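Chain and residue survey
The chain contents come next:
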Amino acid sequence: MRIDKKEAAGSDQRNMMRRSARIRVLCVVLLCALLFMGTNLSHVRSDWTEDQLYSLSDSTRQLLDTLEEPLMIRAYITSDMPQPYGQLQRFIEDMLQAYYEAGHGYVGFDVIDPSTDQNILTSLKALNVPKVQVQVIENDRAQVKQGYLAIVLEYLDRKETLAVVQSEEGFEYLLSKKIKKITGNGRVKIGITSSFGTHTIEELQKFVAWMQDDYEFVKVDLTKAMPDADIKVLIVAGMTAPPSENWRFHLDQFRMRGGGVWVLAGNARPLLSQGFDVQAVDAYANDWLRDDLKVVVEPGLVMDKRAQRVVVRNGMFRSQVDYPFVPSVLDLHEVHVISRDLSAVSVPFPSPLQPLTDHAEILMRSSPWTAVQNGPPFDVYPLLPIEKRFAGLQMQSVVLALLFEGYMSSAFQQAEQATDGHFLSETHTGRLLIVASLGLLDDEFMDGSALVLALNSLDWLSHDEALIALRSRGMTDRPLVALSNAGKQTFKILWLFALPLLILLFALWRWWKLKHPLIHA
């Protein structure tokens, strides 16, 4: 009888433990469900990405704070799209919710499935919004499915369209740029000089095509007169001959007026349409930079062992080689808005720069594995071995880009050249950027990080830095850290000998332990 009581008591205790366990599990499940529902309703998120890709930036919040009229954002997304478009749809909805919350009542949004309404499909066709075509594998068959991933913005009587959302990267920049455009007063006007061998608008087709949504480009002839007052930035893209005094005076007064100036200077212009070749500039073409801007373009072409790879045709074969005349620049200004979110930039056929004043800031430097080839003529043949090309040359880092901001004084002392009778001797709002590469904006190099650098530069020069931080999100290039010869040998020894030896010693220790269990007991 006592045994039965003990068994009954044990059974009751086990039942109580089971009930207690079930209650705890049920409480945990309910707590998780409530937490999930609460986070969904409150839109609380935690962004752990390095670039904060899933969070609105301060630039976007400041842009939305300037809204004076309601802005409506409509996302047209076809439902049941395969991955990765299904995940992209959730990302778009979350980001639009963030825009709505940051708009403080001035931003509304709606997510619409166009396939549910024929009138919506008709309106999208009228806006020239294309369909996205994706390949889907269903029932062991590959099929092509079409759908929409578009955004239409409405502000007053204006409309702007983001025709296709391709990925999460760059989404905030593209959408905020459209908001800025639809609520702003038009594009910023940029002047491109067309004298003394500089690149014309027609020669910079890819650059102008990429920029035309944000900027309006016009030709400027500084030999005749000052630029129009509505021009914010002047680009001097690759001067190959010394300029006239009138040209220099008009550029000087444009700077004193507060206009931004971007100068591409160097000792050789790339001629890739004729193969790997360069054209040397006039020996006196860069003297005006020393006299007017206090910057010296030193002789020679920069060669950097940390360089981009190029495809070279050698007879019937093609091969990729490291080309030292297109350095991959990693030493960028860490704080300045032009470069702080860029990890690397390719600078084609650069020359060394030397500032003559303490007011200059260094924007870019080459790596310590840099040498300067004397010339002209310049030997840029891509198949010459690297070690042979650098043999006997001194290796050191050189300056490739400089910038000036704030106070600037005129290089002229009298106002006889001033056609309108007004002469400005100084400015406190000047901005000047000098990059030692005549080919930076050429079509062959206008891609990736070079495009972001160009956009950032124009934004900074025109005093419009609101979207610079957004543009560089996702533009990450993380090259491997270069090792010294001693470091390379250490890693070779570690992986070839030390690691196998450790594994062998562990195996011997394990074998000894299993063979003598009593000793370890």
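Before going into details, it helps to say that this report is about the structure given with it. (Residues numbered from 1 in each chain as written. Predicted model: local features only at pLDDT ≥ 70, side-chain atom pairs only at ≥ 80, totals over all residues. Heavy atoms only, no water.)

**Overview of helix 5 (residues 171-183)**
For an α-helix, the turn length of 3.6 residues means that residues three or four places apart are oriented alike. Taking 1.5 Å of rise per residue, 13 residues should cover 18 Å, and helix 5 covers 18 Å from first to last C-alpha, within 8% of that figure. When we look at burial in helix 5, the residues that qualify are Phe-171, Glu-172, Tyr-173, Leu-175, Ser-176, Lys-177, Lys-178, Ile-179 and Ile-182. (Helix = DSSP H or I, 4+ residues; strand = E, 2+ residues; numbered from the N terminus. Expected span 1.5 Å × (residues − 1). Buried < 20%, exposed > 50% of the residue type's maximum accessible area, 1.4 Å probe, protein only.)

**Structural notes on a nonpolar patch on the surface**
A cluster of nonpolar side chains, Phe-491, Leu-494, Trp-495, Leu-499, Leu-501, Leu-502, Ile-503, Leu-504, Leu-505 and Leu-508, forms an exposed patch at the surface whose accessible area comes to about 1,000 Å². Along the chain, the position of Trp-495 falls in helix 12 (residues 485-515). Look at Trp-495 and you get exposed, because its relative accessible area is 54%. (Patch = residues over 30% accessible without salt bridge, like charges linked within 9 Å, V, L, I, M, F, W, Y side chains within 5 Å. Areas by Shrake-Rupley, 256 points an atom, 1.4 Å probe, with all protein chains shown as cover. Salt bridge = Lys/Arg side-chain N within 4 Å of Asp/Glu carboxyl O.)

**So, helix 10 (residues 449-461)**
Relative to the 18 Å expected for 13 residues at 1.5 Å per residue, helix 10 spans 18 Å between its end C-alpha atoms, a close match to the ideal helical length. Most of helix 10 sits out of view: 13 of its 13 residues are buried.

**Comments concerning the sheet that holds strand 6 (residues 158-162)**
The sheet built from four strands is open, its strands ordered 2-1-5-6 with mixed pairing. On the outer flanks of this sheet lie strand 2 (107-112) and strand 6, each paired with one strand and no other. The sheet shows a mean angle of 15° between the axes of neighbouring strands, direction not considered. (Pairing = 2+ DSSP bridges. Axes fitted to C-alpha atoms, helices over the stretch in contact; angles between N-to-C directions.)

**Digging into the sheet that holds strand 16 (residues 317-329)**
The three strands lie next to each other as 15-16-18, forming an open sheet whose pairing is antiparallel. Here the strands that pair on one side only, and so sit at the sheet edges, are strand 15 (307-314) and strand 18 (345-346). Two strands pair when backbone bridges link them, and strand 16 and strand 18 are joined in this way by two bridges, in the antiparallel orientation. Paired with Ser-328 across the bridge in strand 18 is Ser-346.

**As for the nonpolar core**
If you look at the biggest cluster of nonpolar residues, it comprises 44 residues, and the most contacted ones within it are Phe-207, Phe-217, Ile-235, Trp-262, Met-364, Leu-441 and Leu-458. Looking at this core, the element that brings in the most residues is helix 10, giving eight residues. Sequence-distant contacts of Met-364, defined by excluding residues within four places in its chain, comprise Val-329, Asp-331, Leu-332, Val-345, Val-347, Val-398, Val-399, Leu-400, Ala-401, Val-435 and Leu-453. Counting 28 residues, the second largest nonpolar core, distinct from the first, contains Tyr-99, Val-107, Val-132 and Tyr-155. (Core = buried A, V, L, I, M, F, W, Y, C linked by side-chain atoms within 4.5 Å. Contact = heavy atoms within 4.5 Å.)

**Some words on unusual backbone geometry**
If a residue is not glycine, its phi is most likely negative; likewise, a peptide bond is most likely trans. A cis amide bond, omega 0°, links Gly-375 with the succeeding residue Pro-376. Along the chain, Pro-376 connects to Pro-377 via a cis peptide bond; the corresponding omega equals 0°. Mapped onto the elements of the fold, Pro-377 is located in the loop between strand 21 (370-373) and helix 9 (386-390). Backbone geometry places Lys-294, a non-glycine residue, at a positive phi of 60°. Here Lys-294 lies in the loop between helix 8 (287-293) and strand 13 (295-297). Of note in this structure, Phe-349 is not a glycine but carries a positive phi near 45°. On the secondary structure map, Phe-349 appears in the loop between strand 18 and strand 19 (353-355).

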